[in-house]
Amino acid sequence: MSGRPEHRPARTATDGALLDVAEAIAADWAALGVRGSFLARHLGTGEQLGFDADAPVPLASVVKVPLALVVLDRIATGRLDAARPVTVDPATSSVGSTGLAAFRHPATVALGDLVLSMLSVSDNAAGDALFDVVPPEEVHARLRTWGCSGIRVRHRLNRMYECAAGAAGNDFSLALELAIRDDRSGRHTIETLDPAHANLGTATALVDLLQRVWRDEIAHRGATAELRRLMGLQVFTQRLSSELRADTLRVSGKTGTFLHLRHEIGVVEAESGDRIAMAALTRCDRRAGRASDIDLAIGAGARDAFEALRG
């Protein structure tokens, strides 16, 4: 027992039946010791359901979606060349187990393919190579120009690992313990988990962004079309889409995982024409590298929300 007062999520829904679904999802998460934010919205009707959707949360790799949109917009408007070669050297690149981050030798990759690797396999080295081209402050400024006030981009991806290593001396089991302890106290030892310093967003802001991307209401149409295509190539399907696997459905998403954070945002599209944008941003007190039950709870919530919102 932590002695922490029980948190009652602030539910939101457009009618009573949807509110019941939001309450059931929140209860399922709480039963697993999961805290967080959830929002699902039908992009045609505007109906939605969720809880704690306006709480700011460190984004982890979910920040790669707004980064990709800004880079793709510069490509679509001719300010960047998608074929521009970029060399990534493992000696100086970012921490990660996928894509270029896992390479042992320098590799030269086209700029456009860095976006693919960043989104499809959550490649941190590809992401930071893109941040070298369009720095965090420029990404943030562009988001402000587009009116994305609920998303804050402050730092490169590798900064998360640098701050964790600095606080825990390269012991990531200890870093996880610190993250869990600090989440209870609100005093953050790891800077990039502190809302004052983290890449930050809310479920509402992220669903708003997805809505504008899927409806071509932000950036250049070429950029939004390419972002939709690339998010549809994500290889990680253990969260939002775990309970939504059918030939009649397409799930386009982006996960984010760091220490006690397990996130995903995405859009579920049905052959019927229904399009549901979702954001699931979670954290827990679990000191474990894998948490399949939490992933499945995110998927079950996504399924329930989709079934409740679809026409």
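Before reading on, note that the structure itself is shown above.
One structure accompanies this document, and this report is about it.

1. Focus: the sheet that holds strand S3 (residues 48–51)
- Strand order in the open sheet formed by 6 strands is S1-S3-S2-S11-S10-S9, and the pairing between neighbours is antiparallel. This sheet does not close on itself; its edge strands, each paired only once, are strand S1 (11–13) and strand S9 (249–258). For this sheet the average axis-to-axis angle between neighbouring strands, irrespective of direction, equals 10 degrees.
- Relative to strand S11 (residues 275–284), strand S10 (residues 261–270) runs antiparallel, the two being bridged by 9 bridges. Within S11, the residue paired with Gly266 across the bridge is Met278.
- Taken strand by strand, helix H1 (residues 16–31) contacts S1, strand S2 (34–42), S3 and S11, and its axis lies near 30 degrees from that of S3.

2. A closer look at a negative patch on the surface
- On the surface, Asp15, Asp20, Glu23 and Glu47 cluster together into a patch of negative charge.
- Given a relative accessible area of 30%, Glu47 falls into the partly exposed group.

3. Some details on the packing of helix H3 (residues 111–120) against helix H4 (residues 124–133)
- Packing of H3 against H4 brings their axes to within 8 Å, and their N-to-C directions diverge by 135 degrees. It follows from the interaxial angle that H3 and H4 lie oblique. In this structure, H3 crosses over H4, and the sense of that crossing is left-handed. Contacts from Leu111, Leu114, Val115, Ser117 and Met118 in H3 reach Ala126, Gly127, Ala129, Leu130 and Val133 in H4.
- Looking at the contact of H3 with H4, its residues break down into 8 nonpolar, 2 polar and no charged.

4. Focus: the pattern of salt bridges
- Taken as a whole, this structure holds 21 salt bridges when the rule is applied.
- A salt bridge links Glu191 to Arg159; the nearest nitrogen and oxygen atoms lie 3.0 Å apart. In this pair, Glu191 is assigned in the loop between helix H7 (172–185) and strand S8 (200–201) and Arg159 in helix H6 (residues 158–168), connecting sequence segments 32 residues apart.
- The class of Glu191 is partly exposed, set by a relative accessible area of 33%.
- With a shortest N-O distance of 3.2 Å, Asp295 and Arg262 are connected by a salt bridge. Remark: Arg262 occurs in strand S10 and Asp295 occurs in helix H10 (residues 292–309); sequence separation between them is 33 residues.
- Overlapping salt bridges bring together Arg35, Asp183, Arg184, Arg283 and Asp285 as one network.

5. Considerations on the environment of His263
- As for its placement among the helices and strands, His263 is situated in strand S10.
- A sequence separation of 121 residues divides His263 from Arg142, and the C-alpha atoms of the two residues are 24 Å apart.
- When residues no more than four places from it in sequence are discounted, the contact partners of His263 are Val57, Pro58, Leu59, Val62, Arg239, Thr255, Gly256, Ala280, Leu281 and Thr282.
- A distance of 3.2 Å separates a polar atom in the side chain of His263 from the backbone nitrogen of Thr282.

6. Comments concerning the nonpolar core
- Core analysis: the largest hydrophobic core is formed by 74 residues, its most contacted members being Leu114, Val115 and Leu227.
- Per-element tally for this core: the top contributor is helix H8 (residues 203–214), with 8 residues.
- Discounting chain neighbours no more than four positions away, the residues touching Val115 are Ala68, Val71, Leu72, Leu130 and Leu230.
- Residues Leu18, Ala22, Ala40 and Leu244 belong to the second largest nonpolar core, which totals 28 residues.

About the thresholds
- Residues numbered from 1 in each chain as written.
- Predicted model: local features only at pLDDT ≥ 70, side-chain atom pairs only at ≥ 80, totals over all residues.
- Heavy atoms only, no water.
- Pairing = 2+ DSSP bridges.
- Helix = DSSP H or I, 4+ residues; strand = E, 2+ residues; numbered from the N terminus.
- Axes fitted to C-alpha atoms, helices over the stretch in contact; angles between N-to-C directions.
- Contact = heavy atoms within 4.5 Å.
- Patch = residues over 30% accessible without salt bridge, like charges linked within 9 Å, V, L, I, M, F, W, Y side chains within 5 Å.
- Areas by Shrake-Rupley, 256 points an atom, 1.4 Å probe, with all protein chains shown as cover.
- Salt bridge = Lys/Arg side-chain N within 4 Å of Asp/Glu carboxyl O.
- Lys, Arg positive; Asp, Glu negative; His and termini not counted.
- Charge placed at Lys NZ, Arg CZ, Asp CG, Glu CD.
- Buried < 20%, exposed > 50% of the residue type's maximum accessible area, 1.4 Å probe, protein only.
- Parallel < 35°, antiparallel > 145°, perpendicular 65-115°, else oblique.
- Left-handed = near helix turned anticlockwise from the far one by under 90°.
- Nonpolar A, V, L, I, M, F, W, Y, C, P; charged D, E, K, R; others polar.
- Polar contact = N/O pair within 3.5 Å; in protein donor to acceptor, adjacent residues only side chain to side chain.
- Core = buried A, V, L, I, M, F, W, Y, C linked by side-chain atoms within 4.5 Å.

Function cannot be inferred from these measures alone, as they are strictly geometric.
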